[in-house]
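# Structural overview for review
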Amino acid sequence: VQLQASGGGLVQAGGSLRLSCEASQLTFSTSAVGWFRQAPDKGRELVAAVGWSGGNTYYSDSVKGRFTISRDNAKNTLYLQLNSLKPEDTAEYYCAASRGGPSYRPYAYQYNSWGQGTQVTVSS
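Parameters and conventions
Residues numbered from 1 in each chain as written. Predicted model: local features only at pLDDT ≥ 70, side-chain atom pairs only at ≥ 80, totals over all residues. Heavy atoms only, no water. Core = buried A, V, L, I, M, F, W, Y, C linked by side-chain atoms within 4.5 Å. Buried < 20%, exposed > 50% of the residue type's maximum accessible area, 1.4 Å probe, protein only. Helix = DSSP H or I, 4+ residues; strand = E, 2+ residues; numbered from the N terminus. Contact = heavy atoms within 4.5 Å. Pairing = 2+ DSSP bridges. Axes fitted to C-alpha atoms, helices over the stretch in contact; angles between N-to-C directions. Disulfide = S-S within 2.5 Å. Salt bridge = Lys/Arg side-chain N within 4 Å of Asp/Glu carboxyl O. Polar contact = N/O pair within 3.5 Å; in protein donor to acceptor, adjacent residues only side chain to side chain.

Moving on: the nonpolar core. Judged by nonpolar contacts, the single largest core of 28 residues is most densely connected at Trp-35, Phe-67, Ile-69, Leu-78, Leu-80, Leu-82 and Tyr-93. Of all the secondary-structure elements, those providing two or more residues to this core are β1 (3-6), β3 (17-23), β4 (31-38), β5 (45-50), β7 (67-72), β8 (77-82), β9 (91-99) and β11 (118-123). Excluding anything up to four places from it in sequence, Leu-80 contacts Leu-17, Arg-18, Leu-19, Trp-35, Val-47, Ala-48, Phe-67, Thr-68, Ile-69 and Tyr-93. In this structure, Phe-36, Ala-49, Ala-96 and Tyr-111 belong to the second largest nonpolar core, which totals 5 residues.

Shown next, in the form of structure tokens:
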């Protein structure tokens, strides 16, 4: 699966953004997918993930209640709705896909396809 992320930008604290990730191959519908982020001088962090069925999701404690992950298998597209953004959400955001997986994959090594990243910058 090849992935193309988009939707990042500069937003004020409290604002919203929606990230999209388009997949180029049909195996997207049977892939567990997720969003990671990496801030400068920090490791890559799993933000949200979902299994291929869409009914099994994970959110990190830092974004729970503010971010929503969703997928449209008919459009081969993954989304991440970011609400109530904070300056600490500033990072490069990456989408990733894992072959198989009715359930979400919690670890980066489980993902075999990665998008190029989209920058989210939240000003205070």
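The next thing to look at is the sheet that holds β3. With antiparallel pairing, 4 strands are arranged side by side in an open sheet as β1-β3-β8-β7. The sheet terminates laterally at β1 and β7, the two strands that pair on one side only. Strand-to-strand, the axes of this sheet are offset by a mean angle of 15 degrees, without reference to chain direction. Alignment of β7 against β8, held across 6 bridges, turns out to be antiparallel. Residue pairing in the sheet places Thr-68 in a bridge with Gln-81 of β8.

With that out of the way, let us pick up the state of the cysteines. Following the criterion strictly, the structure yields 1 disulfide and no others. There is a disulfide in this structure between Cys-21 and Cys-95, and the S-S distance comes to 2.1 Å. Its S-S torsion of approximately 70 degrees makes the covalent link between Cys-21 and Cys-95 right-handed. You can see Cys-21 sitting in strand β3 and its partner Cys-95 sitting in strand β9, a full 74 residues away along the chain. When sorted by exposure, Cys-21 lands in the same class as Cys-95, which is buried.

Right, let's talk about the pairing of β8 for a bit. Within a regular strand, side chains alternate between the sheet's two faces. Counting buried positions along β8 gives 5 out of 6 residues, so the element sits mostly inside the fold. Taken together, the 6 bridges between β3 and β8 define a ladder with antiparallel strand orientation. Residue pairing for β8: Leu-19 is matched across the bridge by Leu-80.

Okay, the pattern of salt bridges next. On inspection of all chains with the given rule, the structure shows 4 salt bridges. Salt-bridge contacts for Asp-89 lead to Arg-37; the nearest nitrogen and oxygen are separated by 2.9 Å. Of the two residues, Asp-89 sits in the loop between β8 and β9 while Arg-37 sits in strand β4, which places them 52 residues apart along the sequence. For the pair Asp-89 and Arg-37, one class covers both residues: buried. A salt bridge links Lys-64 to Asp-61, with the shortest nitrogen-to-oxygen separation between them at 3.3 Å. Side by side, Lys-64 and Asp-61 carry an identical accessibility label, which is exposed. Residues joined by salt bridges that share partners form a network here, namely Arg-37, Glu-45, Arg-66 and Asp-89.

As a further point, take the environment of Gln-119. Summarising the element assignment, Gln-119 is placed in strand β11. A residue is classified by how much of its surface remains accessible, and Gln-119, at 36% relative accessible area, is partly exposed. A C-alpha to C-alpha distance of 5.1 Å links Gln-119 and Gly-8, two positions 111 residues apart in sequence. Excluding residues that lie within four positions of it along the chain, Gln-119 makes contacts with Gly-8, Gly-9, Thr-90, Ala-91 and Glu-92. In terms of polar contacts, Gln-119 uses its side chain to reach the side chain of Thr-121, at 3.3 Å.

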